[in-house]
Amino acid sequence: MVHSRPFSTVRRGVATAAALTAATASLLTSGAAPAAAAGASGQGSVKHYVALGDSYAAGTGLSQQTNAECRRSKGSYPSWIAETYKPAVFKDVTCGGATTRSLWNKEGSAAPQVDALTQDTDLVTVTLGGNDLGFSDVLTTCVLAGLTTREGTPCRDKAVKDVDAGFARLNTRLPDMITDIKRRSPKARVVVVGYPNPFPADGSTCGSSVPLAKGDVTWLHQTTNRLNIMLELTAFMKQVEFVDTSSVLRGRDMCRPSSERLINPLLPQTPGSAHPDASGHLIMAHEVYKRLEK
């Protein structure tokens, strides 16, 4: 299920730079469905675009799925970027469940993601790291704990060691990821796209659709922030770019009322649970576009 605004209201044929700006402004100020807007696009400025990443880049849970195994959608932020710049070559190899290892190893039947990179690639976006922390398993643990009590941090107490171990692995894998992308595509502009934070800082605002202990909500919020800080620091050290999608979606988390949230709640459980909805991906795309236009 995709919550909030129906994605069909956005006409993809006019998904230009002006459309991204106008639609995003509409969403952030009025909460209304984005209207299609025509305007000058960046067509021609990007010729060979490769999108790498996991479900947060693939558009898992959205309509217009293009790859059932990877749960990849035309409504994802990389697809919006491709619509805006209209590159001659667009390779979207994002895949739900992908980890940093998926860059170099098959994910199901999907080839290693780095295979899409070439010497001619001039733009790469990448959103990876969440699954290295066992994000899906952690959420399952947290929900089971939250169904027992809404007080304390029962999930954190069980999962924190595994999550910390995941961060330790990412400390070396993320720099290796950027190094290999730059080696394979030395002319590319590499943009690390961070994660929107699905969780509010204060868990007391969460209702029955987010059955988590209040302290665990805060911990999950802090863990997402920690991951984004690691991604940003890695981008800085490796001299590539970083896009913060968390700040622009602050206040639109899964615990907000359905008319305000842009990230789907945990229940009812769907492929898009805890992921950005269609409008959330539109806003993420606009943040990436603003960085590319600098």
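Looking at the secondary structure, you find Ser279 in helix H7 (residues 278–292). Put simply, Ser279 and Ile263 are 16 residues apart on the chain and 9.0 Å apart in space, counted from C-alpha to C-alpha.

This part covers the nonpolar core. Leu212 and Trp219 are the most contacted members of the largest nonpolar core, which has 52 residues in total. For this core, the secondary-structure elements that each account for two or more residues are strand E1 (48–53), strand E5 (123–127), helix H4 (135–146), helix H5 (154–184), strand E6 (189–193) and helix H6 (214–237). With ten residues, the single largest contributor to this core is H5. Those residues in contact with Leu212 that lie beyond four places of it in its chain are Cys142, Val143, Gly146, Arg150, Phe199, Val217, Leu220 and Leu266. Core analysis: the second largest hydrophobic core is formed by 23 residues, Val46, Ala51, Val191 and Val248 among them.

Glancing now at the pairing of E1. The two faces of the sheet receive side chains in turn, since in a regular strand these alternate between them. Within E1, six of the six residues are buried, which leaves the element mostly enclosed by the surrounding structure. By the bridge criterion, five bridges tie E1 to E5 in an arrangement that is parallel. Looking at the pairing, Val50 lines up with Val124 of E5.

Counting buried residues along E6, four of its five residues qualify, which places the element largely inside the surrounding structure. Pairing between E5 and E6: four bridges, direction parallel. Residue Thr125 lies in a different strand from E6, and its bridge partner there is Val191. Pairing geometry for E6 and strand E7 (residues 241–243), over three bridges, is parallel. Across the sheet, Val192 pairs through a bridge with Phe242, a residue of E7. With respect to chirality, the unit in which E6 leads through H6 into the neighbouring parallel E7 is right-handed.

With that out of the way, let us pick up the state of the cysteines. Taken as a whole and assessed by the stated rule, the structure comprises three disulfides. Here Cys70 is linked by a disulfide to Cys95, with a sulfur-sulfur distance of 2.0 Å. The sign of the -85° torsion about the S-S bond sets the Cys70-Cys95 disulfide as left-handed. Of this pair, Cys70 sits in the loop between strand E2 (65–67) and strand E3 (72–73) while Cys95 is found in the loop between strand E4 (89–92) and E5, placing the two residues 25 residues apart along the sequence. Side by side, Cys70 and Cys95 carry an identical accessibility label, which is buried. Note that Cys142 is cross-linked by a disulfide to Cys155, the S-S spacing being 2.0 Å. Of note, the bridge from Cys142 to Cys155 carries an S-S torsion of about -70° and is left-handed in sense. Placement of Cys142 in helix H4 and of Cys155 in helix H5 is noted, with a sequence separation of 13 residues between them. Using a relative accessible area of 0% as the deciding quantity, one classes Cys142 as buried.

Reading the values: the criteria
- Residues numbered from 1 in each chain as written.
- Predicted model: local features only at pLDDT ≥ 70, side-chain atom pairs only at ≥ 80, totals over all residues.
- Heavy atoms only, no water.
- Helix = DSSP H or I, 4+ residues; strand = E, 2+ residues; numbered from the N terminus.
- Core = buried A, V, L, I, M, F, W, Y, C linked by side-chain atoms within 4.5 Å.
- Buried < 20%, exposed > 50% of the residue type's maximum accessible area, 1.4 Å probe, protein only.
- Contact = heavy atoms within 4.5 Å.
- Pairing = 2+ DSSP bridges.
- Right-handed = clockwise from strand over helix to strand, strands pointing away.
- Disulfide = S-S within 2.5 Å.

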